[in-house]
Protein chains: 2
Amino acid sequence: MKMRRLDSTTVGFDAELVRLTSFDSALDEQVETVVRSILQDVRKRGDEALLEYTQRFDRLVVAQAELLELPGDVLTRALEELPQSQRRALEKAAERIRAFHEHQRMESWSVREADGTELGQRVTPLDRVGLYVPGGKAVYPSSVLMNAIPAAVAGVQDILMVVPTPEGVRNELVLAAAALSGVRRVFTVGGAQAIAALAYGTATIPAVDKIVGPGNAYVAAAKRQVFGVVGIDMVAGPSEILIIADGSTDPRWVAMDLFSQAEHDELAQALLLCPDPNYLEQVEQAIVALLPTLPRQAVIEKSLADRGALIRVRDLAEACHLSNRIAPEHLELSVAQPEDCLPLLRHAGAIFAGRYSSESLGDYCAGPNHVLPTGRTARFASPLGVYDFQKRSSVLKVSREGARHLGEIAEVLALQEGLHAHARSAACRFRNEV
Amino acid sequence: MKMRRLDSTTVGFDAELVRLTSFDSALDEQVETVVRSILQDVRKRGDEALLEYTQRFDRLVVAQAELLELPGDVLTRALEELPQSQRRALEKAAERIRAFHEHQRMESWSVREADGTELGQRVTPLDRVGLYVPGGKAVYPSSVLMNAIPAAVAGVQDILMVVPTPEGVRNELVLAAAALSGVRRVFTVGGAQAIAALAYGTATIPAVDKIVGPGNAYVAAAKRQVFGVVGIDMVAGPSEILIIADGSTDPRWVAMDLFSQAEHDELAQALLLCPDPNYLEQVEQAIVALLPTLPRQAVIEKSLADRGALIRVRDLAEACHLSNRIAPEHLELSVAQPEDCLPLLRHAGAIFAGRYSSESLGDYCAGPNHVLPTGRTARFASPLGVYDFQKRSSVLKVSREGARHLGEIAEVLALQEGLHAHARSAACRFRNEV
């Protein structure tokens, strides 16, 4: 294992960094077309189409659509049958995630003006949301907690979950996590057909207002295509970590943090920025020494080789500057004084400050959400949160006197824009004429 | 002019209402393809392509790309040369919009736990945003105020505006509004090529982090296609109003409110719900009487005929229930006691409570934003606001003791998910082994 080395003082560094951190998730036309036809079909034929696709893609034959829904006691049983240590860990994580997200709840507000006019915004939860959970190999109960708990905290009444069960094989961990997170109903469907059912509704699966949760390329394409009919969360790209180190952290810890990103996926990106070339050397040695001890060695090695880098920077300030350009999903400040860096940082999904703050704590149980903006979208996007399951309505209650004050302004501006009905609609409220 | 009449007590009402309020904005494949090629071209050839498209679509020949930028004094001059009454109205509107949006600024927060661990979220503004303003006939200075002021209140340093100037014709009102709203630079480009320039950047126009503002089908398609590279606001559908009346408002006022929606666009939708059939009759008479007095009579008539309706409901509670299903962009409660309705309402972009609260006041100057979710998206989306120009980063500062508490949980869950590097990254912080 030889890690890529970059140096910010060399000619061509900027271009190299851009090339390394670019990830062009070009749309796959074939996937788009397949997905479009599945969506249309489920929209038109409902449960009938849903059953057919489930049979074809998940090799699961179900006699009637109602049997796609799991009985409620399946969830509670899954939780009760977990080994005690696992159940306790899941419960503690759920509790901490809930406590953190309680701080995010938005509140309605209103102000009253001198003439009696009241203006404000009302905050209400979404009625019903759908959580997509992948089936098969990647088993992520933590993802259920991170997606469902914010919706529950927001006050969403109806949290539905869809999860494919290929050949009927259920994932008990995922069901146990659902039981803990406020999920109300679970349907054993997946793929674009599940997204279609959630977006348009079928006789069995009611239409939702927003769909969240990770999925494969088909699921991602389906979410993009139904966006507008329903809300969606961000479509996630490969996961990323950027570590800024001052050389004071055990290099083996940093190596393990890079691994924990790289083990997700061969496309995942793990970068280390440090002013001290000796420290970069030590981390590389730790990488070489520790890599063979990890079950997912092959994935880690490919991810680090293709997309990883150890980057020597002039100083920590430059590291922060580069990090702002990259806007990483996860940013670790593995430095003695993270307070010095924080004011310099503008864009990151989550910032892990200080050497004890490993990303893995945030992935599972610290409390903040692990659904974070990837691919430089932290420049404009936020972690998934309670605010994604609430929405605002502006409320205007204009007094009789206010109708004159405001109407006089509105009339001038409406006429300026050539919208005479707007002008007269405002004016009739304070003039004796319509 | 004969208005469509519906009655909630008749058989088939539900289906008819669904048909009337559905608007399927199917993607136009040809537009998508044209836009895709323009985006790629500007991305590749930058200013050169931008100048060519500007010449072709806006019939505007510019010798070099820098001349696409308007000198800063053009804006201030446009403001100074406005007639006094118009300038005052624009300034008052800007002031009120700013004051309302000040209430929306999100704040950072952080909590400290017993073991010294600190968790929270930092809120930062976007660095740079681009505001698209249509050129040509539809001249909407109010749209500049509504899009730019929230960005300015959020603390966005760099607010750029693009506005096409076909054949070099500038709109002084739009420039005056830009001068009042904190817009820093203006480029006279439009169409998909302007969106491409904002998303990817050229030598002249810097890349932005988010693009907002209305536009035609090409602009909308371009925004959709660059979403992910940059953030975008919602792609708006036809504008809508739903009025709930108890019969206590002058029917001519209500007629004028329906007109003010319908005059926007032949696809706009204006609905009136009332339990009193006599009142519906009176409103229809007012419509017939007033329609010929309006300059945009033809547009209004087509909009009302195609998509409008006077709907008799059982009572106000049923009207609220139907309104929740429709989730209108604008909802007027033209009733004596709006307080009775408000608790029943869950989904609407903006609620205008009481007979003095005409939508037109909200369109221009009351303070709340007039960029609102359309096409039932108020079920999950909110008015444009300061919060759209800010984003959050989670911050985790885990103490040494916290690394043990949290690490023990994370280790169990990571092993459960088969992610061993995650488990060891957590565990090495509290065990004497890596």
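Residues numbered from 1 in each chain as written. Chains lettered and ligands numbered in written order. Predicted model: local features only at pLDDT ≥ 70, side-chain atom pairs only at ≥ 80, totals over all residues. Heavy atoms only, no water.

Draft legend 1. How the structure looks around the relation of the copies chain B and chain A. Its rotation angle being 180 degrees, the transformation that places chain B on chain A also includes 0.0 Å of axial translation and leaves an RMSD of 0.0 Å. Such a combination of turn and shift is consistent with a two-fold rotation axis. Both copies share a contact surface, since 100% of the interface residues of chain B are interface residues in chain A too. (Least-squares fit on C-alpha atoms with pLDDT ≥ 70 in both. Contact = heavy atoms within 4.5 Å.)

Draft legend 2. Quick peek at the sheet that holds strand β9 (residues 240–245) of chain B. Overall, mixed pairing links the 9 strands, which are arranged β2(A)-β3(A)-β14(A)-β13(B)-β12(B)-β9(B)-β10(B)-β11(B)-β1(B) in an open sheet. Of all strands in the sheet, those bounded by a partner on one side alone are β2 (109–112) of chain A together with β1 (5–7) of chain B. On average, each strand axis in the sheet is tilted by 20 degrees relative to the strand beside it, whichever way the strands run. Across 5 bridges, β9(B) lies against strand β10 (residues 269–274) of chain B in parallel orientation. Looking at β10(B), one finds that L242(B) is bridged to L271(B). Sheet contacts for helix α1 (residues 13–21) of chain B: β1, β10 and β11 (309–312) of chain B; angle to β1(B), the most-contacted strand, approximately 140 degrees. (Pairing = 2+ DSSP bridges. Helix = DSSP H or I, 4+ residues; strand = E, 2+ residues; numbered from the N terminus. Axes fitted to C-alpha atoms, helices over the stretch in contact; angles between N-to-C directions.)

Draft legend 3. Structural view of the sheet that holds strand β4 (residues 128–132) of chain A. All names here are of chain A. An order of β6-β5-β4-β7-β8 is seen for the 5 strands of this open sheet, with the pairing classed as parallel. At either end of the open sheet lies a strand with only one pairing partner, and these are β6 (185–187) and β8 (231–232). Where strand β5 (residues 158–162) and β6 come together, 3 bridges link them in parallel fashion. Each bridged residue has a counterpart across the sheet, and for M161 the counterpart in β6 is V186.

Draft legend 4. Spatial organisation of the UniProt feature "binding site: NAD(+)" (unreviewed entry) in chain A. Residues and elements named next belong to chain A. The UniProt record annotates "binding site: NAD(+)" (unreviewed entry) at Y132, Q193 and N216. For the annotated residues, spread through 85 residues, the largest C-alpha to C-alpha distance comes to 12.8 Å, consistent with a single compact locus. In this structure, Y132 sits in strand β4. Its relative accessible area of 4% is what places Y132 among the buried residues. Excluding residues within four positions of it along the chain, Y132 makes contact with V162, P164, G190, G191, A194, I195, V212, G213, P214, G215 and V219. Reaching out from Y132, the side chain makes a polar contact with the backbone nitrogen of G191 at a distance of 2.8 Å. You can call Q193 buried: its relative accessible area is 2%. Beyond its immediate stretch of four places on either side in the chain, Q193 contacts I38, V42, L50, Y53, T54 and F57. Of note is the side chain of Q193, whose polar atom sits 3.0 Å from the backbone oxygen of G190. (UniProt positions renumbered as here; feature names shortened; annotations may be inferred. Buried < 20%, exposed > 50% of the residue type's maximum accessible area, 1.4 Å probe, protein only. Polar contact = N/O pair within 3.5 Å; in protein donor to acceptor, adjacent residues only side chain to side chain.)

Draft legend 5. Broad picture of the packing of helix α3 (residues 47–58) of chain B against helix α8 (residues 191–200) of chain B. Residues and elements named next belong to chain B. At a closest axis distance of 9 Å, the pairing of α3 and α8 adopts a crossing angle of 160 degrees. As far as their axial angle goes, α8 and α3 are roughly antiparallel. Crossing hand, α3 versus α8: left-handed. Residue-level inspection shows L50, Y53, T54 and F57 of α3 in contact with α8, the latter providing Q193, A194 and A197. Class assignment for the residues of the contact of α3 with α8 results in 5 nonpolar, 2 polar and no charged. (Parallel < 35°, antiparallel > 145°, perpendicular 65-115°, else oblique. Left-handed = near helix turned anticlockwise from the far one by under 90°. Nonpolar A, V, L, I, M, F, W, Y, C, P; charged D, E, K, R; others polar.)

Draft legend 6. Highlighting the domain arrangement of chain A. The assigned domain composition of chain A is domain 1 (29–105 + 123–232), domain 2 (238–380) and domain 3 (398–434). Distance between the C-alpha centres of domain 2 of chain A and domain 3 of chain A: 57 Å. (Domains from an automatic or database assignment.)

Draft legend 7. Inspection of the pattern of salt bridges at higher detail. Scanning the model with the defined rule gives 52 salt bridges over all chains in all. Here D158(A) makes a salt bridge to R184(A), at a shortest N to O gap of 2.4 Å. Of this pair, D158(A) sits in strand β5 while R184(A) sits in the loop between α7 (172–181) and β6, and the two are 26 residues apart along the sequence. On the basis of relative accessibility, which here comes to 11%, the residue D158(A) falls in the buried class. With its nearest N and O atoms 3.5 Å apart, the salt bridge here joins D73(B) to R77(B). Here R77(B) and D73(B) lie together in helix α4 (residues 72–80), a separation of 4 residues that amounts to about one turn. Look at D73(B) and you get partly exposed, because its relative accessible area is 41%. Assessed through its relative accessible area of 40%, R77(B) is described here as partly exposed. (Salt bridge = Lys/Arg side-chain N within 4 Å of Asp/Glu carboxyl O.)

Draft legend 8. Structural context of the interface of chain B and chain A. If you look at the interface, chain B gives 117 residues, while chain A gives 117 residues. Summed over both partners, the interface of chain B with chain A comes to about 10,500 Å²; 59% of that surface belongs to carbon and sulfur atoms. Summed over the three residues of chain B that lose the most area to chain A, namely Y356(B), L396(B) and R429(B), the buried surface amounts to 7% of that side. Our count for the chain B to chain A interface comes out at 10 salt bridges. (Buried area = accessible area lost by both parts, 1.4 Å probe.)

Draft legend 9. Looking closely at the environment of D363(B). Secondary-structure assignment places D363(B) in helix α15 (residues 359–364). For D363(B), a relative accessible area of 8% puts it in the buried group. What D363(B) contacts, discounting residues up to four positions off in sequence, is H422(A), S142(B), M146(B), H264(B), H330(B) and H370(B). There is a polar contact of 3.0 Å between the side chain of D363(B) and the side chain of H422(A).

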